[in-house]
Amino acid sequence: MKNWPNIDKSRLSGKGAKGWLSLALPGSLLIALLIIWEMAVHLSGIEKWLLPSPSLILKSLWETKDLILHHSLQTLYEALLGLVIAVLVGVLIAIMIDLSTRIRQAVYPLLVVSQTIPIIAVAPLLMIWFGYGMTTKILVVALVCFFPIAVNLADGFRLVDQEMIRLLASMGASKGQMFRMVKLPAALPFFFSGMRIAGTYSVMGAVIGEWLGASRGLGIFMTRSSQSFLTDRVFASILVIVFLSLIIFGLIEGMARWLMPWHRRSDFK
Amino acid sequence: MPVKLQISQLRKSFGEGNQNQVLALDRVSMSVGKNEFVGLIGPSGSGKSSLLDILAGLSLPDTGEILMDGKSLLGRKGEVSYMPQSDVLFPWRTILDNVTIPMEVAGIPRKEARKEAMGLLPTFGLESFAESYPKMLSGGMRQRASFLRTFLCKKDMMLLDEPFGKLDALTRMQMQEWLLDMWQKFQHAVLFVTHDVEEAILLCDRIYVLSARPGRVLGEVEVNLPRPRTSVMSTNSDFIRLKRNLLEMLKEGTGH
């Protein structure tokens, strides 16, 4: 979770015939893999608590859907709340770093080093300090997610086109006007590439928080299922985690398209 | 003709200490009359950009003075309409929202600014691009939008920094004629920086020639060609004589 790719424009604009193919290709590969898995399980006769077949996983997902929904909502709630806190903290840190080179020099390296601390080691500490309640989970999510947002946004502020700043300066614009008219919109694509990473981490963060102890949530559901050798349920919850992550990713993508309409029309020339 | 802009004895150097100091401008004096189109031509490194920076209020000279309408212009931003070399259109804004930037900076209400800009779009040949984003426009159209934005700074002193330097020859010729047409309509005082001799002769009333570093005024040339001018004039004998004049002056200035 320590890498943060640069803005990928194709992800924002890819449409048309190629867009259709970009769904069909991974889709058919996935289906092929699932068929192989299904056949392998049936032919080998492997025990279902060791490796359940895809059809069994779907069946179990259907049968436990009320229970899984109950746990999923909790996890989704924690992930979203943690993400919101991460955005607030990340944006604040990015603005602070951008205020002066001194602050950047002081904060930036510490920020990077802080990310080498494995979250799985910090989570039990949070548990000791904040208990088994929701606060701990939300904090884990926020800790995992603020970093890509802060670093990407700070880069966006730093890489702003100096010609634009000069032009506004020649018009007599104030610092506030320059920030609002140039820095903020110029940094938006960077902010969203940070958000995409943070969004995919958020559900994972919530699940890690719940593993260590909770009364409700997909993490504790997984722990209980695996301890009871209900492997099909473990797989079912993995499926749901993927689904939840995709929902959050989709929300972020939708927001990016809505806030950056100029990015969408890049197919024109 | 009454004087709009008076630049006298401008000196500008860069770098710290006596050893590392580089002199960019040395005793530069020139003037621009009201409604006058003045060219500034010189090799690269002649301090043209330094001069424009000072005129736009973005930096201060070591010594010297600039008067506009009799008042000192030194360190004052937002007093002239400045058009940078590249179009510097904001990719996240539509053309309409790009050209209204100077009015937004000046605090004019959005609705009012848009209305005024909308009224000017046809004059600048941009009426069908109001809601387009800059990347959907050709280089020439982008330059028009950039010029309209400069125009909407609403200062009657315009600084144009090689506005057509990055366009292809054909578009460039069209834009020169278009600019002449615009200028005929609005009659601002213009200081036009270029390193293209023909462009300078075609557009300007008077041309100052700067030397290579440090930038000094080598001389000034009156362009007595009748207006309105067209690019066809570049084959006329007066035009060619002026061109030879200027080229020789530039050659001496670079010391070759």
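Reading the values: the criteria
Residues numbered from 1 in each chain as written. Chains lettered and ligands numbered in written order. Predicted model: local features only at pLDDT ≥ 70, side-chain atom pairs only at ≥ 80, totals over all residues. Heavy atoms only, no water. Helix = DSSP H or I, 4+ residues; strand = E, 2+ residues; numbered from the N terminus. Buried < 20%, exposed > 50% of the residue type's maximum accessible area, 1.4 Å probe, protein only. Contact = heavy atoms within 4.5 Å. Areas by Shrake-Rupley, 256 points an atom, 1.4 Å probe, with all protein chains shown as cover. Lys, Arg positive; Asp, Glu negative; His and termini not counted. Charge placed at Lys NZ, Arg CZ, Asp CG, Glu CD. Rg over C-alpha atoms; globule rule 2.2 N^0.38 Å. UniProt positions renumbered as here; feature names shortened; annotations may be inferred. Axes fitted to C-alpha atoms, helices over the stretch in contact; angles between N-to-C directions. Parallel < 35°, antiparallel > 145°, perpendicular 65-115°, else oblique. Nonpolar A, V, L, I, M, F, W, Y, C, P; charged D, E, K, R; others polar. Pairing = 2+ DSSP bridges. Buried area = accessible area lost by both parts, 1.4 Å probe. Salt bridge = Lys/Arg side-chain N within 4 Å of Asp/Glu carboxyl O. Polar contact = N/O pair within 3.5 Å; in protein donor to acceptor, adjacent residues only side chain to side chain. Patch = residues over 30% accessible without salt bridge, like charges linked within 9 Å, V, L, I, M, F, W, Y side chains within 5 Å. Core = buried A, V, L, I, M, F, W, Y, C linked by side-chain atoms within 4.5 Å. pLDDT = per-residue confidence, 0-100.

K.L.:
What am I meant to see in the overall build of chain A here?
P.N.:
On a plain count of helices and strands, chain A comes out with 12 helices and zero strands. Mapped in sequence order, the helices and strands of chain A form the string α-α-α-α-α-α-α-α-α-α-α-α. Within chain A, the fraction of its 269 residues that count as buried is 45%. Residue pairs in contact within chain A that sit at least 24 positions apart in sequence constitute 76% of those at least 6 positions apart. Total accessible area on chain A is roughly 14,500 Å²; 72% of this is exposed by carbon and sulfur atoms. When the 24 basic and 14 acidic side-chain charges of chain A are each reduced to a single mean position, those positions are 8 Å apart.

K.L.:
Looking at this structure, how should I read the overall build of chain B?
P.N.:
Tallying secondary structure elements over chain B gives eight helices and 10 strands in all. The C-alpha atoms of chain B give a radius of gyration of 18 Å, which matches the 18 Å a tight globule of 256 residues would have. The principal-axis extent of the C-alpha atoms belonging to chain B is close to 50 × 45 × 35 Å. Looking at the 256 residues of chain B, the share that counts as buried comes to 54%. In chain B, 68% of the contacts between residues at least 6 apart in sequence involve partners at least 24 apart. Looking at chain B as shown, the accessible area adds up to about 11,200 Å², and 50% of this sits on carbon and sulfur atoms.

K.L.:
Explain the UniProt feature "domain: ABC transmembrane type-1" (unreviewed entry) in chain A to me, please; I cannot follow it from the model alone.
P.N.:
If you check UniProt for "domain: ABC transmembrane type-1" (unreviewed entry), the listed places come out as residues 72-252 of chain A in our numbering. As annotated, residues 72-252 of chain A comprises 87% helix and 0% strand, and the C-alpha atoms at either end are separated by 19 Å.

K.L.:
Quick question: what am I supposed to make of the packing of helix α3 (residues 54-63) of chain A against helix α11 (residues 231-259) of chain A here?
P.N.:
How two helices pack is summed up by the angle between their axes together with the distance between the axes. All names here are of chain A. Running from N to C, α3 and α11 point in directions that differ by 80 degrees, and their axes come no closer than 8 Å. One element, α3, and the other, α11, form an angle in the roughly perpendicular class. Mapping the contact onto sequence places Leu 56, Ile 57, Leu 58, Ser 60 and Leu 61 in α3 and Asp 232, Arg 233, Phe 235, Ala 236, Leu 239 and Val 240 in α11. Tallied by class, the residues present in the contact of α3 with α11 amount to eight nonpolar, one polar and two charged.

K.L.:
Can you help me understand the sheet that holds strand β5 (residues 71-72) of chain B in this one?
P.N.:
The strands that make up a sheet pair up through hydrogen bonds in the backbone, lying either parallel or antiparallel. Residue and element names in this part refer to chain B. Spatially, the four strands line up as an open sheet ordered β2-β1-β4-β5, and their pairing is antiparallel. Each of the sheet's edge strands pairs with one partner strand only, and the pair in question is β2 (22-33) and β5. Bridge analysis of strand β1 (residues 3-14) against β2 gives eight bridges, and the strand direction is antiparallel. Within the sheet, the bridge partner assigned to Lys 12 lies in β2 and is Leu 25. Packed onto the sheet, helix α1 (residues 48-55) meets β1, β2 and β4 (63-68) and runs at close to 120 degrees relative to β1.

K.L.:
Just checking my understanding: could you explain the interface of chain A and chain B for this structure?
P.N.:
It is common to report an interface's size as the accessible area lost on association of the parts. Of the residues lining the interface, 22 residues belong to chain A; the matching set on chain B comes to 24 residues. Between chain A and chain B, the buried area comes to about 2,300 Å², and carbon and sulfur atoms account for 69% of it. There are two salt bridges connecting chain A and chain B. Put simply, chain A and chain B have six residue pairs in polar contact (both at pLDDT 80 or more) between them. Counting only elements with at least two residues in the side of chain A that touches chain B, the list comes to α8 (162-170), α9 (175-211) and α12 (261-264) of chain A.

K.L.:
Would you explain the pairing of β1(B) in this entry?
P.N.:
Side-chain direction in a regular strand flips from residue to residue, so the side chains alternate between the two faces of the sheet. Both β1(B) and β4(B) contribute to a ladder of five bridges, which runs antiparallel. Looking at the pairing, B:Ile7 lines up with B:Ile66 of β4(B).

K.L.:
What is the right way to look at the pattern of salt bridges in this model?
P.N.:
As a working rule, side chains carrying opposite charge can pair if their charged atoms are close by. All names here are of chain B. Enumeration according to the criterion identifies 26 salt bridges over all chains in this entry. One salt bridge in this structure joins Asp 156 and Lys 4, with 2.8 Å as the shortest N-O distance. Of this pair, Asp 156 sits in the loop between α5 (139-151) and β7 (157-161) while Lys 4 is found in strand β1, placing the two residues 152 residues apart along the sequence. In this structure, the salt-bridge partner of Glu 36 is Arg 206, at a minimum N-O distance of 2.7 Å. Pair noted here: Glu 36 is in the loop between β2 and β3 (37-41) and Arg 206 is in strand β9 (residues 206-210), with a separation of 170 residues, a long-range link. Exposure remark for Arg 206: the relative accessible area of 7% places this residue in the buried category. Through salt bridges that share partners, Lys 4, Lys 34, Asp 69 and Asp 156 make up one connected network.

K.L.:
Hey, could you run me through a nonpolar patch on the surface in this one?
P.N.:
Residue and element names in this part refer to chain A. Among the surface-exposed residues, Ile 31, Ile 35, Met 39 and Leu 43 lie close enough to one another that they form a single nonpolar patch of about 450 Å² accessible area. Among the secondary structure elements, Ile 35 is positioned in helix α2 (residues 16-44). Residue class for Ile 35 comes out partly exposed when judged on its relative accessible area of 47%.

K.L.:
Please explain the nonpolar core as it appears in this structure.
P.N.:
In this structure, A:Leu111, A:Leu168, A:Val182, A:Phe191, A:Phe192 and B:Phe90 are the most contacted members of the largest nonpolar core, which totals 71 residues. Residue assignment for this core shows that the elements contributing at least two residues are α4 (65-99), α6 (119-130), α7 (134-158), α8, α9, α10 (218-227) and α11 of chain A together with α3 (101-105) of chain B. At 16 residues, α9(A) tops the list of elements feeding residues into this core. Residues in contact with A:Leu168, not counting those within four places in the same chain, are A:Ala173, A:Gln177, A:Met178, A:Met181, A:Val182, B:Phe90, B:Ile101 and B:Val105. Ranked by size, the runner-up nonpolar core spans 50 residues in total, among them B:Leu96, B:Ala117, B:Leu148 and B:Val197.

K.L.:
In this structure, what is going on with the sheet that holds strand β10 (residues 217-222) of chain B? I would like to understand it.
P.N.:
Residues and elements named next belong to chain B. Pairing is mixed across the open sheet formed by six strands, whose spatial order is β6-β7-β8-β3-β9-β10. The open sheet has two edge strands with one neighbour each: β6 (81-83) and β10. Pairwise comparison of adjacent strand axes, ignoring direction, gives a mean angle of 15 degrees for this sheet. Across three bridges, the pairing between β6 and β7 is parallel. In the strand pairing of β7, Met 83 is matched with Leu 160.

K.L.:
Help me understand the confidence of the model for chain B in this model?
P.N.:
Atom-level detail of predicted coordinates should not be read off regions where pLDDT is low. Taken as a whole, chain B shows an average pLDDT of 86; of its residues, 98% reach a score of 70 or greater. As scored by the predictor, the complex reaches a pTM of 0.79 and an ipTM of 0.85.

K.L.:
I keep staring at the side chain of B:His188 and nothing clicks. Help me out?
P.N.:
Note that B:His188 resides in the loop between α6 (169-186) and β8 (189-194). Contacts of B:His188, omitting those with residues within four sequence positions, involve B:Asn35, B:Glu36, B:Phe151, B:Lys155, B:Asp156, B:Met158 and B:Trp183.

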